[in-house]
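# Fold and geometry: a report
This is what each chain is made of:
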Amino acid sequence: SSSSSSSSGLLLGEAKNLKPKTNSSIFVDSDDEVASDNEDEFGPEPQGYVLPEESEAADQAKKAPKYLRDCIKGLQSNKDADAYEAALRVAAVLVQQRPDDLDDLAEEMALTLLRAQNHFSTPGFAQLRSSALVALACACPVFMAACLTREFYDSNYSIIHRLDMLHTMGVAARQLSHTAAAVPPPPPASAASSLTGPAGSQPLSLSIAGQISPHRRHQLQQMEVAAVGQQGVGKTRRFVHGPTRAAAAALPNDFAPVAGLFFFPLLSRYDARCNTFDMLGRDGMVLAQLVRTLATMLDSVGPLHAVAQPMAVALLDFVTAVRFHPDIDVRRSCCFALAILGRVASPSLLMQNAPALFDEAARWLQAAVTEDPDPACRELAMAAAVGFANSGRA
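Structural notes, computed from the coordinates. The structure presented is a predicted model; accordingly, all values stated were derived computationally and were not measured. (Residues numbered from 1 in each chain as written. Predicted model: local features only at pLDDT ≥ 70, side-chain atom pairs only at ≥ 80, totals over all residues. Heavy atoms only, no water.)

### Here's the deal with the overall build of the protein chain
Note the threshold: A run of H or I in DSSP becomes a helix once it reaches four residues, and a run of E becomes a strand once it reaches two; helices and strands are each numbered from the N terminus. Only protein chains enter the accessibility calculation, which uses a 1.4 Å probe; a residue is then buried when its area is under 20% of its type maximum, exposed when over 50%, and partly exposed in between. Only heavy atoms enter the contact rule, under which two residues are in contact if any of them lie within 4.5 Å. Surface exposure here means Shrake-Rupley accessible area, sampled with a 1.4 Å probe, where a residue is shielded only by the protein chains that are shown.
Scanning the protein chain from terminus to terminus reveals 17 helices and two strands. Counting only residues that meet the buried cut, the protein chain has 45% of its 394 residues in that class. For the protein chain, the share of sequence-separated contacts (at least 6 apart) that also reach a separation of at least 24 residues comes to 70%. As displayed, the protein chain has an accessible area near 21,200 Å², and 55% of this comes from carbon and sulfur atoms.

Shown next as structure tokens:
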């Protein structure tokens, strides 16, 4: 019995020793080991993911030049595509800020933009370049008038570049005059694959070969006919009952004082010919856009400024000289220009200053209504002739 009691006492002692220890240090060590195991298994805590587009935009923002001279340097870069695109995207904004050195750098920037090529396949190249040129023409109209009219007839430019110059002058005329475009100005042909946008804001579809696509041709016909038909809107009497909206405050026409600097030099050499340029021959599309641009300038000046009458007589002389061009687009542009003349020019002054030209243009319109083989041209001629008749000029 004594032996059995002693053995039971030993068993109870061992059982007491087997109870788990409640020391807090043991549990702390255990937590550290679990956390260490989790870190080894899942790695460090993941950081925020940056989208490639956001990263690219951030890089472009860092490379965007803040000064006009740096922008020109980026536009002249032939090796760094990112620097070139960043400079092209901020060029218009920098010009619109009118920095102090704009007058000194305007010529270098204008020539750089005019001669720019899309070597890096920059997205939106045509629109960005066009916006920068228009901004420069609006900021420095006197200088850009001399530059654009001189470079337009230079033999070192392609047809695409000449169309871009006409587009720049047409859009700048509308913006400086603060008027809504009656018809979209000539589109830059370098936007061969772009889609049609709002009037005068987006490049329109032209093929590099120099022929307007059938779809674009139909759109131009519809817009020209609609623009010509708008000349009778102001003569329509409307009877309104109740309060009417207050008229918007008129903005000053900033284009009229410089219109002659664009218009007459651009018109003076239309018959010039060289190995790369012949508007009276193979380059009829450029001639058609030239007629539209000149008519847009006259319409932007309006009938109230003294320069409008000399411009109208010169445009009438020009139209009568090219009206029999074999290119259909040239004849359509002549009809559009005559419609603008019927709306802007003073009938008495036209008859007094150019009676023979006026009668010749009126007879051509009447003949075009019935004899021109192009249906769109016949429709445009009819609208222009009606405008003349309503004003007592035909």
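There is more to say, and it comes next.
### Observations regarding the packing of helix α12 (residues 284-301) against helix α14 (residues 328-344)
Relative orientation and spacing of two packed helices are given, respectively, by the angle between their axes and the distance between those axes. Convention followed: Every axis in this analysis is a line fitted to C-alpha atoms, fitted for helices over the stretch in contact. Angles between the N-to-C directions lie between 0 and 180 degrees. Any angle between 65 and 115 degrees counts as roughly perpendicular, while under 35 counts as roughly parallel, over 145 as roughly antiparallel, and the rest as oblique. By the convention adopted, Pro, Cys, Tyr, Trp, Phe, Met, Ile, Leu, Val and Ala count as nonpolar, Lys, Arg, Asp and Glu as charged, and the other residues, Gly among them, as polar.
Close contact between α12 and α14 brings their axes to 8 Å; oriented N to C, the two are set at 10°. Overall, the two elements α12 and α14 adopt an arrangement that is roughly parallel. Residue-level contacts link Gly284, Leu287, Ala288, Val291, Arg292, Ala295, Leu298 and Asp299 of α12 to Asp329, Val330, Ser333, Cys334, Phe336, Ala337, Ile340, Leu341, Arg343 and Val344 of α14. Its residues placed into classes, the contact of α12 with α14 shows 12 nonpolar, two polar and four charged.

### Description of the pattern of salt bridges
Spelled out, the test is: Here, a salt bridge means any side-chain nitrogen of Lys or Arg that lies within 4 Å of a carboxyl oxygen of Asp or Glu.
Summed over the entire model, instances satisfying the criterion amount to 11 salt bridges. Put simply, Arg174 and Asp299 hold a salt bridge, and the shortest N to O gap is 3.0 Å. Pair noted here: Arg174 is in helix α9 (residues 159-177) and Asp299 is in helix α12, with a separation of 125 residues, a long-range link. The exposure class of Arg174 is buried, given its relative accessible area of 7%. With a relative accessible area of 12%, Asp299 lands in the buried category.

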